[in-house]
Amino acid sequence: VARGAFPATGLLAEGQLGKSDLVLARDVSGSASRMTSRAWIRWDEKALTVYIENNVTRGTSFTGNDWGRCEAVEVALRPVVAGKKFPIAVFRGFANGRLDYGQAKSGPDEPILSDPHGAVYQALAPAEDRWIARLSIPASLIDVTPAAGMRFAFNVTARKVKDNLWLMWEATQAHSYDVDLAGIIELVP
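Residues numbered from 1 in each chain as written. Predicted model: local features only at pLDDT ≥ 70, side-chain atom pairs only at ≥ 80, totals over all residues. Heavy atoms only, no water.

Caption draft 1: Summary view of the side chain of Thr172. Relative to the elements of secondary structure, Thr172 occurs in the loop between β13 (165–168) and β14 (183–187). The class for Thr172 is buried, based on a relative accessible area of 7%. Ignoring any residue separated from it by four or fewer positions in sequence, one finds Thr172 in contact with Val28, Asn155, Asp178, Leu181 and Ala182. (Helix = DSSP H or I, 4+ residues; strand = E, 2+ residues; numbered from the N terminus. Buried < 20%, exposed > 50% of the residue type's maximum accessible area, 1.4 Å probe, protein only. Contact = heavy atoms within 4.5 Å.)

Here it is in structure tokens:
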């Protein structure tokens, strides 16, 4: 179980981040990778915010918005609430600044794309071998109000095209958004 703390304040600026909450160091099969990404989770009662830092090979293209063929990150989550089964919310942000959003009933189901309803996404490339994404997910999109102790089935993925990597926080050996095969995060004050 990973724990995300601190209020989600401020904007992504200057590309400076501190110690990470999560390290993405395994590919989809669970094999260790020489390339890594890092993620931070912040929250308040209005939104859950995820920052993702991606170290990439020099010469990586930061253009395009074709999932699987372009530099991108994915955040997938499902609230864990006794007696209720929520769909998996899937957010795919591209290095060029585009955000796609969809919901999947389960991990084997492809997400059905829809409007991201107020989600805020930013991408910044402070160097040719590094880019950073910031995704703020409003409570209305995940059907719960974030609060201390709340748990989410969760995964974060970085697609590194030039290195042909699908880096994950928790390797699913299946669809990256299949959070039931990934991990749990718990919000802490």
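Caption draft 2: View of the environment of Asp100. Relative to the elements of secondary structure, Asp100 occurs in strand β8 (residues 99–104). Residue classification places Asp100 among the buried residues on the basis of a relative accessible area of 15%. Along the sequence, Asp100 and Val90 sit 10 residues apart, while their C-alpha atoms lie 8.2 Å from each other. A polar side-chain atom of Asp100 sits 2.8 Å from a polar atom in the side chain of Arg98. (Polar contact = N/O pair within 3.5 Å; in protein donor to acceptor, adjacent residues only side chain to side chain.)

Caption draft 3: Broad picture of the pairing of β13. Sheet topology places strand β12 (residues 151–160) next to β13; four bridges connect them, and they run antiparallel. Following the sheet pairing, Arg159 is matched in β13 by Trp166. Here β12 folds back onto β13 in antiparallel fashion, the turn holding four residues, of which Asn164 has a positive phi close to 50°. (Pairing = 2+ DSSP bridges.)

Caption draft 4: Spatial organisation of the packing of aromatic side chains. Under the criterion given, the structure shown has four aromatic pairs. Ring centres of Phe91 and Tyr101 lie 4.9 Å apart, and the angle between their planes is 35°; this geometry places the pair in the tilted category. You can see Phe91 sitting in strand β7 (residues 88–94) and its partner Tyr101 sitting in strand β8, a full 10 residues away along the chain. As far as burial versus exposure is concerned, Phe91 and Tyr101 are alike and both buried. One aromatic cluster is present, formed by Trp67, Phe94 and Trp166 through successive ring pairs. (Phe/Tyr/Trp six-rings, centres within 6.5 Å; stacked < 30°, edge-to-face > 60°.)

Fair warning: the whole summary comes from geometry, so function is off the table for now.
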